[in-house]
Amino acid sequence: MIYIGATIQTKGNHYYIVVDTYDENGKRKPKWIATGLEIKGNKRKAEEKRKEIEREYELKSKLVPSDIKLDELAQKWLNEYKNEVDIITYGGYESIVKVHIIPYFEEHKIKVNEVTFETIQKYIDEKKVSGNKITGEGLSPKTLKSHMTVLKLIFNLARKQKIIYEDCLEFVKIPTLTHEKVNFYSAEEVQKVWEAIKDDRIFHLIYATIYFGMRRSEVLGLRWDAVDFENKMLIVRHTVVMYNNKVVAKDSTKTDASNRTYPLSDDMIEFFKWLKSREEEERATCGKDYIENDYIFKWPNGKLYDPDYISKHFKKLLKKNDLKRIRFHDLRHSCAALLLSEGRELYDVSEWLGHSDVNITAKFYGHLDMKRKKDLGNTIGNSIGFKNNV
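Everything numeric in this text was worked out from a predicted model, so none of it was measured.

Ranked by internal contacts, the top residues of the largest apolar core, which has 41 residues, are L205, I206, F212, L234, F272 and F297. Looking at this core, the elements with two or more residues in it are α6 (187–197), α7 (203–212), α8 (216–220), β5 (233–236), α9 (266–286) and α10 (307–320). Considering every element that reaches this core, the biggest residue donor is α7, with six residues. When residues no more than four places from it in sequence are discounted, the contact partners of L234 are F212, M214, L222, A226, V227, R260, T261, Y262, L264 and F272. Listed in part, the 38 residues of the second largest apolar core include V97, L139, L144 and I164.

Attention now goes to the environment of T119. Positionally, T119 belongs in helix α4 (residues 117–130). A relative accessible area of 15% places T119 in the buried class. Sequence spacing of T119 and C168 is 49 residues, and the spatial spacing of their C-alpha atoms is 8.9 Å.

So, about the pattern of salt bridges. Where charged atoms of side chains with opposite charge meet at close range, the side chains can pair. What the rule picks out here adds up to 22 salt bridges. Of the charged contacts in the structure, one is a salt bridge between R50 and E54, with a shortest N-O distance of 3.2 Å. Here E54 and R50 lie together in helix α1 (residues 43–61), a separation of four residues that amounts to about one turn. We classify R50 as buried; its relative accessible area is 15%. Where R237 meets D225, a salt bridge forms, and the shortest distance between an N and an O atom there is 4.0 Å. Here R237 is found in the loop between β5 and β6 (239–243), whereas its partner D225 is found in the loop between α8 and β4 (227–228), with 12 residues between them in sequence. Accessibility expressed as a relative area gives 41% for D225, which makes it partly exposed. One network of salt bridges, with partners in common, ties together E279, R283, E292 and K298.

Conventions we followed
Residues numbered from 1 in each chain as written. Predicted model: local features only at pLDDT ≥ 70, side-chain atom pairs only at ≥ 80, totals over all residues. Heavy atoms only, no water. Core = buried A, V, L, I, M, F, W, Y, C linked by side-chain atoms within 4.5 Å. Buried < 20%, exposed > 50% of the residue type's maximum accessible area, 1.4 Å probe, protein only. Helix = DSSP H or I, 4+ residues; strand = E, 2+ residues; numbered from the N terminus. Contact = heavy atoms within 4.5 Å. Salt bridge = Lys/Arg side-chain N within 4 Å of Asp/Glu carboxyl O.

Have a look at this one:
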């Protein structure tokens, strides 16, 4: 079909747009499109409609004929995208594509240029109800949002290659994200934890996690070159994570803001000096069997901790000592809660945790900022003097 142009025509009391096209045999195929606009007073709107339709057909005329199916394009995108992001981000996207998108659309055999808003909405709706491949339960709003992110990237490739021209994802609805309730320890609960696990191998790792409010990947990624004993500073710039059942080290953190520097108190200087001394003793004990590396938290023989082991062992410690059950990541939340309970500003807490935006901090911890709010209440109360007027 060859597009020629679009003109405004009238029929009865209304404007129409007539699209002139010719088929492959050179036969004219005009198409009349109703605008719903009455002739009186709507000439300008009719012209705007004509331009809109004209642009649509011009874009369609530039599309490349393609029989590629959506599952095939998804695999093509995955192959091309591998070198554009870090290995962990890619791993998450790879799982979504291989476990969900490819099997679903391979079964439905849908060409990319046949995909509509309804196609993707049906996919999301089905995954919302029974998308979990293991339990058969629905996927969470957060996971569905990740699916949409991947689908948008895939369709961006389709538009780049001129297979489609419009965004069929624009009106797709996903469930509203609900932020889970933050779980954390109070100062009193932290002291109970210290008393119960002080002799455990990962006690110092847990202490550092709460003190600095670090992510698991960050505390495991701490190396001795991050500790500046002379200037009393600690720099967070390296992480250790799991990918495909392997421990992977990265010279990057979750966001730019996550690269941060902490001042070290005299107590924390002594904390790290003690860890350094312990490492030297363990190196001497292991001799030639010691695995040399610069990491601070590791096994006595120098082998790096498996990140999943840390989370699982922490869970066992809590159960063994009948302590309040929280996730390892909740130690980071505990740091924020402790700072806020002492009246620290949200901005300061955000900076300490390495959030990219103070709004993230407010979203998770704003409701915990009660000491400062009480101070504000006392301030306004003292200002207007209610007691003096009773």
